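Here's the letter readout for the chains.
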Amino acid sequence: MNNRKTPNPLDRLLCDWAQGQAPSTTDLDLLTSKIVQAADEPLDSSDEPILLESFSVLKLGPAAWVTLGAAAVVLLTLGFVWLAKGTKGDLPSVAGPSDLPPSYAWLQDEQLRNKAILLDEMESVFGRRLNWLAETGDNVQVDVGRQSSTGDGQALAVRVVVQRRRVGRQNWTVAWAIDVVARNEEVVRLQHSATGDPGFEMWAFALPDGMIALDTEVNLSGAVTVRSSASELQADRELREVLTTQSDGFEYRVFQTAAVLNDRLS
């Protein structure tokens, strides 16, 4: 009989990631100190999402920091790496002919599996009190309820990408993007850390027939204002272009896609 323990897929994934993108000692020391500090703080009674920004860490009660440390590392490494890179210009400006959707707007198999692992790890900390988490490249917001969710447990991943280009140009660039992991029928609403931050709201519901009802609202303000409001019925992983518009010499287009996460851990 073979008594060897089956390898943990999370361990393998973390090792692969660490080989190419290991955090610095300074970053790890800072993260550790923030986690220890958070362990001594009382649970915030407000319903506002927790904001992780520049290694700022969750406000939790006693006895949670050890487990939180593992979850925080997973969150920072596995969750939404493509968005963090994209805001620094590492995303391709185009994918094939300029009239086609960009390849990075789709949710790929490995990305979905990583998000399922991330959800599993975060739930090991918060249980069913975790409602949603969202990453925009600048920060991560985590919404944790005071009581366990009474929903059906279905979890979804959603990606929204806003592209822009100057009128008459060929190449599109990423103006803004977000990845969300949320429970069925949870209302996702970003909290702004500064005036002029993009506004985003979302509601999603996985139907019994496999279709996904997805409502999104995006509001980019500042020098240029772009608003997108979409209510779509989409197939799992189907990409939809929900807005094309022009403003102040630029063309904009918005893509959204969604996928069910529950069966993607195997």
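Residues numbered from 1 in each chain as written. Predicted model: local features only at pLDDT ≥ 70, side-chain atom pairs only at ≥ 80, totals over all residues. Heavy atoms only, no water.

Considering the sheet that holds strand E6 (residues 187–189)
A sheet is described by the order of its strands in space; here four strands give the open sequence E6-E7-E8-E9, paired in antiparallel fashion. Looking at strand neighbours, the two that pair on one side only are E6 and strand E9 (226–234), the edges of this open sheet. Within this sheet the neighbouring strands show an average axis-to-axis angle of 10°, counted without direction. Note that strand E8 (residues 212–220) and E9 share nine bridges and pair antiparallel. If you follow Asn219 over to E9, its bridge partner there is Arg227. (Pairing = 2+ DSSP bridges. Helix = DSSP H or I, 4+ residues; strand = E, 2+ residues; numbered from the N terminus. Axes fitted to C-alpha atoms, helices over the stretch in contact; angles between N-to-C directions.)

Some remarks on the side chain of Thr257
By secondary structure assignment, the location of Thr257 is in strand E11 (residues 250–260). One polar contact links the side chain of Thr257 to the main-chain carbonyl oxygen of Glu238, over a distance of 3.0 Å. Excluding anything up to four places from it in sequence, Thr257 contacts Ala105, Trp106, Leu107, Ala157, Val158, Arg159, Leu214, Gln234, Arg237, Glu238 and Leu239. (Polar contact = N/O pair within 3.5 Å; in protein donor to acceptor, adjacent residues only side chain to side chain. Contact = heavy atoms within 4.5 Å.)

Comments concerning the packing of aromatic side chains
Going through the model one piece at a time under the given rule, you end up with three aromatic pairs. Ring centres of Trp176 and Phe200 lie 6.0 Å apart, and the angle between their planes is 50°; this geometry places the pair in the tilted category. With Trp176 in strand E5 (residues 173–183) and Phe200 in strand E7 (residues 199–206), this pair connects stretches of sequence that are 24 residues apart. Of the two residues, Trp176 and Phe200, both sit in the buried class. Ring geometry for Trp203 and Phe205: centres 6.2 Å apart, planes at 20°, overall stacked. Positioned over the ring face of Phe250 is Arg164, at 4.8 Å from the centre of the ring. (Phe/Tyr/Trp six-rings, centres within 6.5 Å; stacked < 30°, edge-to-face > 60°. Buried < 20%, exposed > 50% of the residue type's maximum accessible area, 1.4 Å probe, protein only. Lys NZ or Arg CZ within 6 Å of the ring centre and 35° of its normal.)

Things to note about helix H5 (residues 109–126)
When the terminal C-alpha atoms of H5 are compared, their 26 Å separation across 18 residues agrees well with the 26 Å that a helix rising 1.5 Å per residue should span. Among the residues making up H5, those that are buried are Leu112, Arg113, Asn114, Lys115, Ala116, Ile117, Leu118, Leu119, Glu121, Met122 and Phe126. After H5 finishes, the residue Gly127 shows a positive phi value of roughly 60°. (Expected span 1.5 Å × (residues − 1).)

What about the pattern of salt bridges?
Tallied over the full model, the rule gives eight salt bridges. Residue Lys115 pairs with Asp179 through a salt bridge whose shortest N-O separation is 2.7 Å. Taken together, the residues Lys115 in helix H5 and Asp179 in strand E5 connect sequence positions 64 residues apart. Note on Lys115: relative accessible area 2%, which makes it buried. (Salt bridge = Lys/Arg side-chain N within 4 Å of Asp/Glu carboxyl O.)

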